[in-house]
Every structure is written in C-alpha cells, then in structure tokens.
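Structural characterization, general
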Amino acid sequence: GDTQNYNININTSNGCDATELRVTLAWNDPASTQGCTNCLNNDLDLYIVNGGGRYYPNGRNYKDSKNNSERIRILASHGQSFKVRVKAFNLMKNRHKYALVMTGCFL
C-alpha cells in the first residue's frame, strides 16, 4: 500500500528541553463481525526510521495489526533526523483519513 512520509529534524536550539519524540496515529474503523480475531477493517501502520533502526508502536518489535491507535516514544537529541511513516497495509477503500500527532523538539 501507499506510504506517507514525514521528515523530522530534532532541534533544541530554541530552548526546547523535551528528550523524546512522541508520535501517535489514530483512525476510525467500522465495527467488525462478532467473534473476529483480526478485527481491523482498515489497517494502517506507523513506524519511525532513524539510520539503520526501525521503531514500531505500542511497545512492539513488529507492526501492530490489532489496534486503530498506535504510539511510538523514542529518545531524541539535537541534530538527529527521523522519518515518520504511515503505511496503508490493508484498506476497505483506496483512501482512509487518519490523525497524526507529533510532539518533541523539531522544526
């Protein structure tokens, strides 16, 4: 599926003292059938890339295919660059709206 990319450059030169980059992705998902085990109808995936490392949401070491709200918290210091990515893994339609909130020291 398609991937939306957001480039983040950590900058603490303006007095910002946050030590983490926090990114939260959330979206509405229609109700699934009763008794389902993989219940997402629209599966979006959040991850962050930094150098050779990849960070996944909700304390996992792999993508989250069960929740329609995903969050990543990572330590970040001045000068670091991150790529925040939202990937459409499986959608009921070609497009799906989502909310993405990022906090930390970045421009």
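Each remark here, short or long, concerns the structure printed above.
These remarks concern the structure in this document. Just so it is clear, the structure is predicted and the values come from calculations on it, not from any experiment. (Residues numbered from 1 in each chain as written. Predicted model: local features only at pLDDT ≥ 70, side-chain atom pairs only at ≥ 80, totals over all residues. Heavy atoms only, no water.)

Digging into the pairing of strand S3 (residues 43-50)
S3 sits mainly inside the fold: 8 of its 8 residues count as buried. As judged from the 7 bridges shared by S3 and strand S6 (residues 81-90), these two strands associate in the antiparallel manner. Note that in S6 the partner of Leu-44 across the bridge is Ala-88. In terms of strand pairing, S3 meets strand S4 (residues 53-55) through 3 bridges, oriented antiparallel. Note on S4: the bridge partner recorded for Val-49 is Arg-54. Linking two consecutive strands that pair antiparallel, namely S3 and S4, is a turn of 2 residues; a positive phi of about 60° is found at Gly-51 within it. (Buried < 20%, exposed > 50% of the residue type's maximum accessible area, 1.4 Å probe, protein only. Helix = DSSP H or I, 4+ residues; strand = E, 2+ residues; numbered from the N terminus. Pairing = 2+ DSSP bridges.)

A short note on the side chain of Asn-11
Assignment of secondary structure puts Asn-11 in the loop between strand S1 (3-9) and strand S2 (20-26). Side chain to side chain, Asn-11 and Ser-13 meet in a polar contact 2.5 Å long. Setting aside anything within four residues of it in sequence, one finds Asn-11 in contact with His-78, Cys-105, Phe-106 and Leu-107. (Polar contact = N/O pair within 3.5 Å; in protein donor to acceptor, adjacent residues only side chain to side chain. Contact = heavy atoms within 4.5 Å.)

Let's talk about the layout of surface pockets
Taken as a whole, the largest pocket holds about 240 Å³ of empty space. If you go around the largest pocket, the residues you meet are Asp-2, Gln-4, Leu-44, Val-86, Lys-87, Ala-88, Leu-91, Asn-94, Arg-95, His-96 and Tyr-98. The element best represented in the lining of the largest pocket is S6, accounting for 3 residues. Of the residues assigned to the lining of the largest pocket, the class counts are 5 nonpolar, 3 polar and 3 charged. (1 Å grid on protein atoms, 1.4 Å probe; cavity = no way out; pocket = protein on both sides within 12 Å on 5 of 7 lines; lining within 4 Å. Points joined across faces, edges and corners; volume = space filled by probe spheres on them. Nonpolar A, V, L, I, M, F, W, Y, C, P; charged D, E, K, R; others polar.)

Regarding the environment of Val-86
As for its placement among the helices and strands, Val-86 is situated in strand S6. Linking Val-86 and Val-101, residues 15 residues apart in sequence, is a C-alpha distance of 12 Å.

Digging into the state of the cysteines
With the rule as written, the count across this model stands at 2 disulfides. Across a sulfur-sulfur distance of 1.8 Å, Cys-16 and Cys-105 are joined as a disulfide pair. Torsion about the S-S bond of the Cys-16 and Cys-105 cystine: about -80°, corresponding to left-handed handedness. With Cys-16 in the loop between S1 and S2 and Cys-105 in the segment after strand S7 (99-103), the pair connects residues that are 89 residues apart, well separated along the chain. In this structure Cys-16 comes out as partly exposed when scored by relative accessible area, which is 26%. Given the relative accessible area of 3%, Cys-105 is considered buried. In this model Cys-36 forms its disulfide with Cys-39; the gap between the sulfur atoms is 1.9 Å. Disulfide Cys-36-Cys-39: the torsion about the S-S bond is 115°, which places it as right-handed. Take Cys-39: its relative accessible area is 31%, and that puts it in the partly exposed class. The connectivity of the disulfide bonds within the chain can be written as 1-4, 2-3, using the sequence rank of each bonded cysteine. (Disulfide = S-S within 2.5 Å.)

In short, geometric facts, not functional conclusions.
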